Every structure is written in C-alpha cells, then in structure tokens.
Amino acid sequence: MRKPIIAGNWKMNKTPEEAVTLIEELKPLVDDAEAEVVVCVPFTDIVAVRDAVRGTNIGLGAQNMEWRDSGAYTGEVSADMLKALGVEYVIIGHSERREYYNETDEAVNKKVLKALEKGLTPIVCVGEKLEEREDGVTDEVVRRQTKLALKDVPAEDVSKVVIAYEPIWAIGTGKTATSEDANNTIKVIREAVREVKGDQPAEEIRIQYGGSMNPKNASELMKMSDIDGGLIGGASLKADDFSKVVHHK
C-alpha cells in the first residue's frame, strides 16, 4: 500500500517571517494527517521553516538543486548544502525550471542520481505542454521524461523517488485534467517505470498529480487508483486550503 504524499510547492513566495507564520497556522491543521506532508520552500526560508517544523509531521523540501558537489557555479546550491540545513526532499525538473531555465532531461537525471546518493527524496516532475496534449502525444512525452529521469537509478532505489505528473497547461491556470484523464496518464507513467525497472518498483513508486489540485478537487483526484498524492502550488500558500488538500475528505 503506497502512502499518499502531499507536497506544497511555495515557488517564489514568502519571506522567512511570512513562512513561519504560515507553518504555525498549518501545524495544528495537519498534525493528524494520514498522508505524508511536505513543504518545499524557497532557499531563503529553509532555516526558518526547519526550526518551525521541528518535532512535527511536516517534512522540509527545497525547490531545486545543482547536481555537482561544489565549484564555480554562481547562484547554485548543492545537495550537501541542503542536507546540512535539514532538507529531506527536493523538487527536480519542475516545468518552470524546464521552460524558463532550459533544464534538460539529462540535467534532471543527474540531479535525481545526486539526490539519491545524498539521501534526499527527489520529487521529479514530468508533464506535457498544451500543444503536445492537443497533438495527442501526451503519453509519449511523459514516458520519455520518466524513463530518462530514472536512467541508471537502481531498481531497488526507485521507490525512494516520487514522480509528480504536471500537465503544464493546468499549472496556475485553474484548469485541471479530469480525474480519469489524470489517472490514465499516471498509469502510463507507472507502466513506463515498469518497462525499465520492473514490476515491484512500478507498484511501489508514488506518483502525484500536480495540475492545480485544490480543496475542491482533491477528494475526487485522490480516489483514483494510481494517484498517490499531489504537488500543490497556489493552494499550499494558505494553511486552510493546504490542510484541506492534505486531508482530501
């Protein structure tokens, strides 16, 4: 039985003071959550949020990392740096990173391998653009991205990875794939894992839906057979909204 994982992606929002206020509001609302709860915060908020979530059931995540260990890479942050600050999870290959910062499938794979090497849980994003969906190539896109992301990951480590299916056209637009469509695409992702890593890893890996999951649609989405959680954008910036998604009842 796969444990659901609900992760908030704050993106470029919240100062450290604002972050602590949000966490303090969130803590009592999710302390009885059956799902694994994670907040992925800006680098500048990591220390403040780490201290605020200490002793709670809320896990701490970052939104990106560099795959190299150190060196002349101005503005980048390594896995070791994240680990030293108490980070447990890291988003890799978010569509905004791929689109605005030209992250390639190769870079995503290197980051996945480095995250696993350092004991971080990678939340790996895959998903199609609107024109790809309209051209009927959604399945091909997510299969390719999934297989390349997991390249050289040992089968026994696949269950340590979380995949987030993000239809790019649904992020921040208020549009959402139907529950059935989302579930069917996630089945395609799971089948891609099966093809390259085997039956057990495919059944164990958790796959989230990341296309504008919110309090209104979370329950329906989470009832689907292959949806194991959500990567939550806008709804994670309000404690009440995020807690409703966490409980998805």
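Asks: I would appreciate a short explanation of empty space enclosed by the protein in the present structure.
Replies: Gaps between atoms show up when a probe of the same size as a water molecule is rolled over them. Applying the stated criterion to the full structure yields one cavity of 30 Å³ or more. Going through the elements one at a time, helix H4 (95-100) and strand S5 (121-126) are the ones with two or more residues in the lining of the largest cavity. Broken down by class, the residue content of the lining of the largest cavity amounts to three nonpolar, four polar and two charged.

Asks: Quick question: what am I supposed to make of the packing of aromatic side chains here?
Replies: How two aromatic rings sit relative to each other is set out by the distance from centre to centre and by the angle between their planes. Inspection of the entire model under this criterion finds two aromatic pairs. Ring plane angle 80° and centroid distance 6.4 Å describe the contact between Tyr 100 and Tyr 101, whose orientation is recorded as edge-to-face. Using a relative accessible area of 54% as the deciding quantity, one classes Tyr 100 as exposed. Between Tyr 165 and Tyr 209, the ring centres sit 6.1 Å apart and the planes meet at 50°, which makes this aromatic pair tilted. Highlighted residues: Tyr 165 in strand S6 (residues 162-165) and Tyr 209 in strand S7 (residues 206-209), separated in sequence by 44 residues. Under the relative-accessibility criterion, Tyr 165 is labelled buried at 0%.

Asks: How should the side chain of Glu 166 be read in this particular structure?
Replies: Considering the arrangement of structural elements, one finds Glu 166 in the loop between S6 and helix H8 (179-197). One buried charged residue, Glu 166, remains without a salt bridge, the closest side chain of opposite sign being Lys 11 at 6.0 Å. Separated by 3.1 Å, the side chains of Glu 166 and His 94 make a polar contact. Residues contacting Glu 166, with those up to four places away along its chain left out, are His 94, Ser 95, Cys 125, Val 126, Gly 127, Glu 128, Ile 171, Gly 210 and Leu 231.

What counts and what doesn't
Residues numbered from 1 in each chain as written. Predicted model: local features only at pLDDT ≥ 70, side-chain atom pairs only at ≥ 80, totals over all residues. Heavy atoms only, no water. 1 Å grid on protein atoms, 1.4 Å probe; cavity = no way out; pocket = protein on both sides within 12 Å on 5 of 7 lines; lining within 4 Å. Points joined across faces, edges and corners; volume = space filled by probe spheres on them. Helix = DSSP H or I, 4+ residues; strand = E, 2+ residues; numbered from the N terminus. Nonpolar A, V, L, I, M, F, W, Y, C, P; charged D, E, K, R; others polar. Phe/Tyr/Trp six-rings, centres within 6.5 Å; stacked < 30°, edge-to-face > 60°. Buried < 20%, exposed > 50% of the residue type's maximum accessible area, 1.4 Å probe, protein only. Lys, Arg positive; Asp, Glu negative; His and termini not counted. Salt bridge = Lys/Arg side-chain N within 4 Å of Asp/Glu carboxyl O. Polar contact = N/O pair within 3.5 Å; in protein donor to acceptor, adjacent residues only side chain to side chain. Contact = heavy atoms within 4.5 Å.

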